[in-house]
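Spelled out from the first residue to the last, the chains are:
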Amino acid sequence: MRRIKLTSMGLGTSTVVWPLGQLSFVILLAFGGIITPSRAQSPSVVINEIMYHVRATEFKEDPSAEFVELHNVTDRAIDLTGWKFDSGLRISFREQTLDAGAYLVIAADLEAFKERHPKVNQVVGPFRGRLSNGGETLTLIDADERTIDSVSYADSGFWARKVSGKLKGYDDWAWHAPHDGEGHSLELIKASFTNEPGLAWAPSQEPGGTPGQPNSVRAENVAPLVTSVRHEPIIPTSSQQVQVFASVIDESANKLTASLRYRNDGERAFKSVPMALTEDGEWLGTLPATKDLSVVQFHIRFTDTDGAVRDFPELAKTQVKVPRRRTSNADRQAVCLYQVDDSFDETAARQPGAKPIYRLIAPKDEVQLIRDLVDISGSNRAYDSHIHATFISMDGLDTQLRYQVSARIRGHGSRSNFPPGLRVSFPSDDPWKGVTDINLNSQQTQSQALGAAIHQLAGFASAKSTPIHLRINGEDWTNEGLPQYGCYVHNEVFDSTYLEKHFPGESDGNFYRLVGNANLDDRGTSVSRYRTLYNKRNNASKDDYSDIIKLVQTLDQGNPGDDYLDQVREVIDLEQWARYIAMDALL
């Protein structure tokens, strides 16, 4: 039986879940010879091109345009019989040989691909599943179950550029990558080198990509590939120097030169100190101690023996057009940041059972932007400008650091309240504890935490709500009494990750958040009447609202017949709804 169940976000809000096996949805009521290869440093067959997020037309994407390309980088033919992809897309190869230097395209829809690319002969398909728009891992294994190649692509972090722009006239940050929904594919720059780091890839120069052909971005000399950066101590005092470590891959190995460039927040020019290669294979540079509460910005520059230069994070050199955002001429750079804090008590923060402390570190002008947007926000005035920040979390057991984080004001009726609720977003290739977004709510925090806990104890699925301390550039914005009692609450975000965690096997279904005047009334069959009020949290590219339309038409009958309750029970778990509503009313 297809029935909807309710779940909870905490006091004052609720969620509906409709388990349908492959179709489910959740509604937020808010309220030569042949060689046999093995896995090696340089695989014999590499994943060479990925078309994962096609351009949408009238709100809907055409998944038939998706494809993945393999490339044989050896000088001998390779027998692919029995090979398969076992993560991401799914397909097995039968009696397939890939000639030396040749390409093989795996198409989502074989006939549709041949219509688009009639000159490509080496193509197989269709594959099962869809390529994730946000990124996932594609793994190619051979007939003996050995991993031949694996790529974990993403749509932000090392796989994109963070660019400065304007949103409703105010400064904003956005990740930009032409391969992410703008009609271009993701191409490997040098197939014979490595395809694991995000910086080894680039958006195709040709719209639609270059399936079955040499990549349009191919190059013999690849700029050094930065794979990780960190600083220590994570929260320094004014008497401590700061060490910055970086890992990098390059064909010239230890023949690189590296410099660490830094400035205090508010300064325009970057100073520079050299970096040296350590015995552990990391590059190390040391920044001088600076005064208490200073925010320091830094980035790294590597140069190889052929003159190829890599800045990480990449600095803004030219204006980049971003959809719905106007570019800015200000010297705003998406670099790494840390803050000096003499008041930080590391011993207390690391005590088991200590209340989690989250820190957002951002340029002072961007922190002021948050305050300014709170002052002008209202029920009909929502400003979603993002600030650029570093995020640090400490929970007594674990300390985590994330650069290139974005944060914006969130909420519907509470945007004009200070301190504001915040949505914090992490690069998709470097999630925080398995998630790319968290909600930090600031209003009636005790009710949110208590309501979520009670719903969970009562057996209802509910977003986890954890009281935390939040420091923004070292400041605590909360009140000791109402409505914060000194705490924000960290609430789970309702998205596909939440679905997979709380409703395993139902992630293919639709997940809605109801906003504004969405009250489950029948608005007809036109999809346009539902898009803005029933906010899809997953599967948005399908633009399919047939399930929600069926629900409201079943519930909102002007003259229901004697079988009305039977009809309702066909689409919702009526008894579970009643229990949930009773619990919500008691609270």
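Look above for the structure.
Let me sum up the structure you'll find in this document. None of the values given here were measured: they were computed from a predicted structure.

1. Some thoughts on the packing of aromatic side chains
For any pair of aromatic rings, the description rests on two quantities: the centre-to-centre distance and the angle between the ring planes.
Then step 1. For the structure shown, the criterion picks out 21 aromatic pairs.
Then step 2. Considering the side-chain rings of Trp 283 and Phe 302, the 5.7 Å spacing of their centres and the 80 degrees angle between planes classify their relative orientation as edge-to-face. With Trp 283 in strand 23 (residues 283–287) and Phe 302 in strand 24 (residues 295–303), this pair connects stretches of sequence that are 19 residues apart.
Then step 3. Among the residues examined, Phe 302 registers a relative accessible area of 0% and is labelled buried.
Then step 4. Aromatic side chains Phe 426 and Trp 432 sit 5.9 Å apart centroid to centroid with 20 degrees between the ring planes, which places their arrangement in the stacked category.
Then step 5. Aromatic ring contacts, followed pair by pair, group Tyr 358, Phe 391, Phe 426 and Trp 432 into a single cluster.
Then step 6. The cationic tip of Arg 230 hangs over the ring face of Phe 245; the distance from NZ or CZ to the ring centre is 4.2 Å.

2. Remarks on the sheet that holds strand 12 (residues 123–124)
Then step 1. The strand order 12-11-6-5-17-18 describes an open sheet built from six strands, whose pairing is mixed. For this open sheet the edge positions go to strand 12 and strand 18 (201–203), each flanked by a neighbour on one side alone.
Then step 2. Strand direction decides the pairing type here: strand 11 (residues 103–107) and strand 12, joined by two bridges, are parallel. By the bridge assignment for strand 12, Val 105 is matched with Val 123.

3. A short note on the nonpolar core
Then step 1. With 74 residues, the main nonpolar core has Ile 50, Phe 85, Phe 93, Leu 287 and Phe 298 as its most contacted residues.
Then step 2. Tallying contributions element by element places strand 24 first for this core, with five residues.
Then step 3. Setting aside anything within four residues of it in sequence, one finds Leu 287 in contact with Gln 241, Val 242, Val 244, Leu 260, Tyr 262, Val 273, Val 296, Phe 298 and Tyr 338.
Then step 4. Grouped together as the second largest cluster of nonpolar side chains are 26 residues, Val 367, Leu 369, Leu 422 and Ile 472 included.

4. Re the sheet that holds strand 14 (residues 147–152)
Neighbouring strands of a sheet are bound in pairs by backbone hydrogen bonds; such pairs are parallel or else antiparallel.
Then step 1. The strand order 9-8-13-14 describes an open sheet built from four strands, whose pairing is antiparallel. The open sheet has two free edges, formed respectively by strand 9 (91–92) and strand 14, since each of these has just one partner strand.
Then step 2. Across two bridges, strand 8 (residues 84–87) lies against strand 9 in antiparallel orientation. Note that in strand 9 the partner of Phe 85 across the bridge is Ile 91.

5. Comments concerning the layout of surface pockets
Think of a ball as big as a water molecule: rolled over the atoms, this probe shows where empty space is left.
Then step 1. Estimated volume of the second largest pocket: approximately 670 Å³.
Then step 2. Taken together, 31 residues make up the lining of the second largest pocket; nearest its centre are Arg 161, Leu 199, Trp 201, Arg 310 and Glu 314.
Then step 3. Of all elements in the fold, only strand 15 (161–167), strand 16 (170–176), strand 18 and strand 25 (309–312) reach the threshold of two or more residues within the lining of the second largest pocket.
Then step 4. Sorting elements by how many residues they give to the lining of the second largest pocket places strand 25 first, with four residues.
Then step 5. Of the residues in the lining of the second largest pocket, the class split is 19 nonpolar, six polar and six charged.

Quick notes on the rules
Residues numbered from 1 in each chain as written. Predicted model: local features only at pLDDT ≥ 70, side-chain atom pairs only at ≥ 80, totals over all residues. Heavy atoms only, no water. Phe/Tyr/Trp six-rings, centres within 6.5 Å; stacked < 30°, edge-to-face > 60°. Helix = DSSP H or I, 4+ residues; strand = E, 2+ residues; numbered from the N terminus. Buried < 20%, exposed > 50% of the residue type's maximum accessible area, 1.4 Å probe, protein only. Lys NZ or Arg CZ within 6 Å of the ring centre and 35° of its normal. Pairing = 2+ DSSP bridges. Core = buried A, V, L, I, M, F, W, Y, C linked by side-chain atoms within 4.5 Å. Contact = heavy atoms within 4.5 Å. 1 Å grid on protein atoms, 1.4 Å probe; cavity = no way out; pocket = protein on both sides within 12 Å on 5 of 7 lines; lining within 4 Å. Points joined across faces, edges and corners; volume = space filled by probe spheres on them. Nonpolar A, V, L, I, M, F, W, Y, C, P; charged D, E, K, R; others polar.

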